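Listed here are the chains, written in short residue letters.
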Amino acid sequence: MTVRAVVRGVGHYLPERVVPNSEFEATIDTSDEWIKSRSGIERRHFAAEGQTTSDLGARAAEAALAHAGLGAEEIDAIIVATSTADLTFPSAATMIQARLGMTRGFAFDVQAVCAGFVFALANANALIVSGQARRVLVIGAETFSRLMDWTDRGTCVLFGDGAGALVLEAQEGAGTPEDRGILATDLNSDGRQKDILYVDGGVSTGTTGHLRMQGKEVFRHAVEKLAETAHAALDKVGLSGADVDWIVPHQANIRIIEGTAKRMQVPMERVVVTVQDHGNTSAASIPLALSVGVARGQIKPGDLVVTEAIGGGLAWGAVVLRW
Ligand code: UT7
């Protein structure tokens, strides 16, 4: 028998304020038409003043726990993927642990920017298959609106706030690709690419800083690397694009999503797309899309799901799981 990390529950939370593309037309030289055609984004949610990443993450976690029919005391570990923790430390994960009333187990953040949720899933899987935790709450939560330079039209129209969460649980499998749960992971990074996507603040500057991106360069890497990492993960379990029921990609740009699906030879009818409603929510985008995909009735138990993401670092990777 093989231990598998199986999804037991999923949930998400989006802040109330919805910002349509047209709102930016008043302050910067842009248009709804440009944003929609170049990125696929139509609207995004922004956190209210005082509403933090741990607030959003805790709401998503509560939804995932309710969906799983579990209480916080039944969770062994919390991993939060985020680049926008409320404070430099402690982690957003320990803040969420306290908010959930969880007084045992352990909690920590994973920082791999837009690829963070994929990295967090791989870490949760490792904890579960090695017997260090039985149930892990994996959360992606971000308030990227706090990192925007509102005068930079090349970035400020692209990002949004939100959170999504999964409850993963140890269950026995047969050790075959038919098992439910995480089947394979593939993680990569290349620190030489720092300058194409970074935040120009932190403890070295004494400021929070703003997001800086060479969009075209990141786009080029994304199209090349995402299908590659998804194929690498599928290869590990002897599967291919033809076996995939749903690609649940990082939601940065509809053109990247379409390009990756094409390279994987998966039709767009089998891709969960939320970028039009959420914008790029960095590490929150995949758990948000998983939760929305389940709520829409797209993702069903037994479906083969591939998630893939790339972001600052660069860091990129993919997870293959059977829902
Ligand atoms: O999640 C982390 C990973 N991030 C990504 O995956 C993002 C990857 N990159 C992208 O999604 C795209 O590169 C963007 C959506 C950011 C930009 O699309 P693009 O087709 O690469 O456009 P561009 O940056 O080459 O800009 C084309 C033109 C430029 O004008 P000129 O120089 O050709 O006159 C820009 O100044 O569009 C201009 N532009 C805008 N125009 C209206 C840039 N931003 C805007 C804007 N509104 N908001």
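Residues numbered from 1 in each chain as written. Predicted model: local features only at pLDDT ≥ 70, side-chain atom pairs only at ≥ 80, totals over all residues. Heavy atoms only, no water.

Regarding the domain arrangement of the chain
Applied cut-off: For the domain bounds, the source is a domain assignment made automatically or taken from a database. Pairs of residues are marked as contacts when any of their non-hydrogen atoms sit within 4.5 Å. When two components associate, each loses some accessible surface as probed by a 1.4 Å sphere; the sum of these losses over both components is called the buried area. Salt bridge, as applied in this entry: a Lys or Arg side-chain nitrogen positioned within 4 Å of an Asp or Glu carboxyl oxygen. Here a polar contact is recorded for every N or O atom pair within 3.5 Å, except that within protein the pair must consist of a potential hydrogen donor and a potential acceptor, and residues adjacent in sequence are included only if both atoms are side-chain atoms. A run of H or I in DSSP becomes a helix once it reaches four residues, and a run of E becomes a strand once it reaches two; helices and strands are each numbered from the N terminus. Residues are sorted three ways: Asp, Glu, Lys and Arg are charged, Ala, Val, Leu, Ile, Met, Phe, Trp, Tyr, Cys and Pro are nonpolar, and all the rest, Gly among them, are polar.
Under the domain assignment used here, the chain contains domain 1 (2-173) and domain 2 (181-322). Each of domain 1 and domain 2 was reduced to a C-alpha centroid, and the two centroids are 14 Å apart. Each side of the interface is counted separately: domain 1 has 52 residues, and domain 2 has 47 residues. Across the interface of domain 1 and domain 2, roughly 3800 Å² is buried in total on both sides, 67% from carbon and sulfur atoms. When the area that domain 1 buries against domain 2 is broken down by residue, the three leading residues are Cys-114, Val-118 and Leu-147, summing to 16%. On the surface where domain 1 and domain 2 come into contact, there are two salt bridges. Residue Arg-43 pairs with Asp-277 through a salt bridge whose shortest N-O separation is 2.5 Å. The interface formed by domain 1 and domain 2 holds 15 residue pairs in polar contact (both at pLDDT 80 or more) in total. Elements supplying a minimum of two residues to the side of domain 1 that touches domain 2: β1 (2-13), α1 (32-39), β3 (43-46), α4 (116-129), β6 (135-143) and β7 (161-173). The greatest single-element share of the side of domain 1 that touches domain 2, amounting to eight residues, is contributed by β1. For the side of domain 1 that touches domain 2, the per-class residue count stands at 27 nonpolar, 16 polar and nine charged.

Some thoughts on the sheet that holds β7
So the rule is basically this: By the convention used here, strands pair only if DSSP detects at least 2 bridges between them. Angles run from 0 to 180 degrees between N-to-C directions of axes, and those axes are lines fitted to C-alpha atoms, restricted for helices to the stretch in contact.
Pairing in this open sheet of five strands is mixed, and the strands run β1-β7-β6-β4-β5 from one edge to the other. Edge positions in the sheet fall to β1 and β5 (106-110), since each of these pairs with one other strand and no more. Ignoring strand direction, the axes of neighbouring strands in this sheet form an average angle of 20°. Strand contacts of helix α3 (residues 92-99): β4 (77-81), β5 and β6, with the helix running at about 140° to β5, the strand carrying the most contacts. Of the strands in this sheet, β1, β6 and β7 touch helix α8 (residues 285-295), which is tilted by about 85° from β1.

Considerations on the site of the ligand
Threshold: Near residues are defined by distance, with any heavy atom within 4 Å of the molecule or strand qualifying the residue. What sets the accessible areas is the Shrake-Rupley method with a 1.4 Å probe; for residues, cover comes only from the shown protein chains.
Surrounding the ligand, one finds 22 residues, the nearest of these being Thr-30, Arg-38, Lys-216, Asn-253 and Asn-280. Contact between the ligand and Asn-280: an oxygen atom at 2.6 Å from a side-chain N or O atom of the residue. Relative to its unbound accessible area of 950 Å², the ligand is 73% covered by the protein chains. Elements with a contribution of two residues or more to the shell around the ligand: α1, α5 (215-236) and α6 (254-263). When residues in the shell around the ligand are grouped by element, the largest group, four residues, is from α5. Considered class by class, the residues forming the shell around the ligand number eleven nonpolar, six polar and five charged. Inspection of the shell around the ligand shows a minimum of three residues originating in each of domain 1 (2-173) and domain 2 (181-322).

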